[in-house]
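Chain residues, written in single-letter form:
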Amino acid sequence: MLMINKTLAILAGGKSSRMNYNNKALLNYKERKFIEHIIDAGKGYKEIIIIANKKEEYEGFNLRVIEDIYKGNGPLSGIHSALMNSTTDKVLCIACDMPLITSETLNILGNYNEEYEVLIPEVSGRLQPLCAVYSKKSIPSIENAIKNNNNKLQLLIKSLNYQVIDGNQEKKFIEKDFLNINTEKEYKELEEL
């Protein structure tokens, strides 16, 4: 299996306000932390980095931990920081609260070779901007959005040269892979899966 010449960036900078401020990346699922499930699924990528503003929480993972350059712009800050710090041109940015993501899904995205600024999966009619591949070409647009306080990811993506991979069409993506755990209720439901 060839190494995917892309970076996997795990966005772990959120405040987790709906999760009682517990760090979602470090929640447990099946005896491992959410972030460990994602690291495991991304083993095919050339490098894995963690984007987080509390670096000390991630010391045990032996990965580069990078802070947001512009703080306070939500996921956009994290995506920007990932692109600025990656050693590869394209970066798959994934939210840290998606413990069910599979290596199959990450590899489909990683091995897509057409030109794009953003490659975004669509699952059951919903775009998944927090499990999408961004190109360094999109940095100026992202910086512009941040400077103008336009933090809506979907709007930014629509302004870029984006490609959608329709997961349902090819039966490649399963909706539950993209499940993100935002609330304590969702966390409880996950544990029952």
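Residues numbered from 1 in each chain as written. Predicted model: local features only at pLDDT ≥ 70, side-chain atom pairs only at ≥ 80, totals over all residues. Heavy atoms only, no water.

Asks: Please clarify how the nonpolar core should be interpreted in this entry.
Replies: One broad trend across soluble globular proteins is that nonpolar side chains are buried collectively. Among the nonpolar cores identified, the biggest contains 33 residues, and Tyr-58, Leu-92, Ile-94, Leu-106, Leu-109 and Cys-131 are the most heavily contacted of them. Those elements that provide at least two residues to this core are strand 1 (4-11), helix 1 (34-41), strand 4 (45-51), strand 6 (90-95), helix 3 (103-110), strand 7 (118-123) and strand 9 (131-135). If you tally residues by element for this core, the top one is helix 1, at four residues. If we skip the residues at most four places from it in the chain, Ile-94 touches Leu-8, Ala-9, Ile-10, Leu-11, Ile-38, Ile-101, Leu-106, Leu-130 and Cys-131. Of all hydrophobic cores here, the second largest spans 24 residues; its members include Leu-11, Ala-132, Tyr-134 and Ile-146. (Core = buried A, V, L, I, M, F, W, Y, C linked by side-chain atoms within 4.5 Å. Buried < 20%, exposed > 50% of the residue type's maximum accessible area, 1.4 Å probe, protein only. Helix = DSSP H or I, 4+ residues; strand = E, 2+ residues; numbered from the N terminus. Contact = heavy atoms within 4.5 Å.)

Asks: Help me out: how do you make sense of the packing of helix 2 (residues 75-85) against helix 4 (residues 139-147) in this one?
Replies: Relative orientation and spacing of two packed helices are given, respectively, by the angle between their axes and the distance between those axes. Two elements in contact, helix 2 and helix 4, have axes separated by 10 Å at closest approach and are oriented at 145°. The crossing of helix 2 and helix 4 is left-handed. Mapping the contact onto sequence places Leu-76, Ser-77, Ile-79, His-80, Leu-83 and Met-84 in helix 2 and Ile-139, Ile-142, Glu-143, Ala-145 and Ile-146 in helix 4. By residue class, the composition of the contact of helix 2 with helix 4 is eight nonpolar, two polar and one charged. (Axes fitted to C-alpha atoms, helices over the stretch in contact; angles between N-to-C directions. Left-handed = near helix turned anticlockwise from the far one by under 90°. Nonpolar A, V, L, I, M, F, W, Y, C, P; charged D, E, K, R; others polar.)

Asks: Help me understand the pattern of salt bridges in this model?
Replies: Note that side chains of opposite charge can pair when their charged atoms are close. A full pass over the atoms with the stated rule returns nine salt bridges. Across the pair Asp-89 and Lys-90 runs a salt bridge, and its minimum N-O distance is 3.4 Å. Judged by its relative accessible area of 10%, Lys-90 is buried. Ionic pairing is found between Lys-137 and Glu-115, a salt bridge with its closest N-O pair at 2.7 Å. Of the two residues, Lys-137 sits in the loop between strand 9 and helix 4 while Glu-115 sits in the loop between helix 3 and strand 7, which places them 22 residues apart along the sequence. Look at Glu-115 and you get partly exposed, because its relative accessible area is 45%. In the salt-bridge network here, residues are joined through shared partners; they are Asp-89, Lys-90, Glu-115 and Lys-137. (Salt bridge = Lys/Arg side-chain N within 4 Å of Asp/Glu carboxyl O.)

Asks: Teacher, can you tell me more about helix 4 here?
Replies: Given 3.6 residues per helical turn, the α-helix brings residues three or four places apart onto the same face. Inspection of helix 4 places Ile-139, Ile-142, Glu-143, Ala-145 and Ile-146 among the buried residues, and these make up the whole buried set. Buried residues along helix 4 cover an arc of 160° about the axis, so they all sit on one side. Opposite the buried face of helix 4, at more than 90 degrees from it, the exposed residues are Pro-140 and Lys-147. Packed against the buried residues of helix 4 are helix 2, strand 9 and helix 5 (153-159). Asn-149 sits one or two residues past helix 4 and shows a positive phi near 60°. (Arc of directions from axis to C-beta.)

By themselves these figures say nothing about function.
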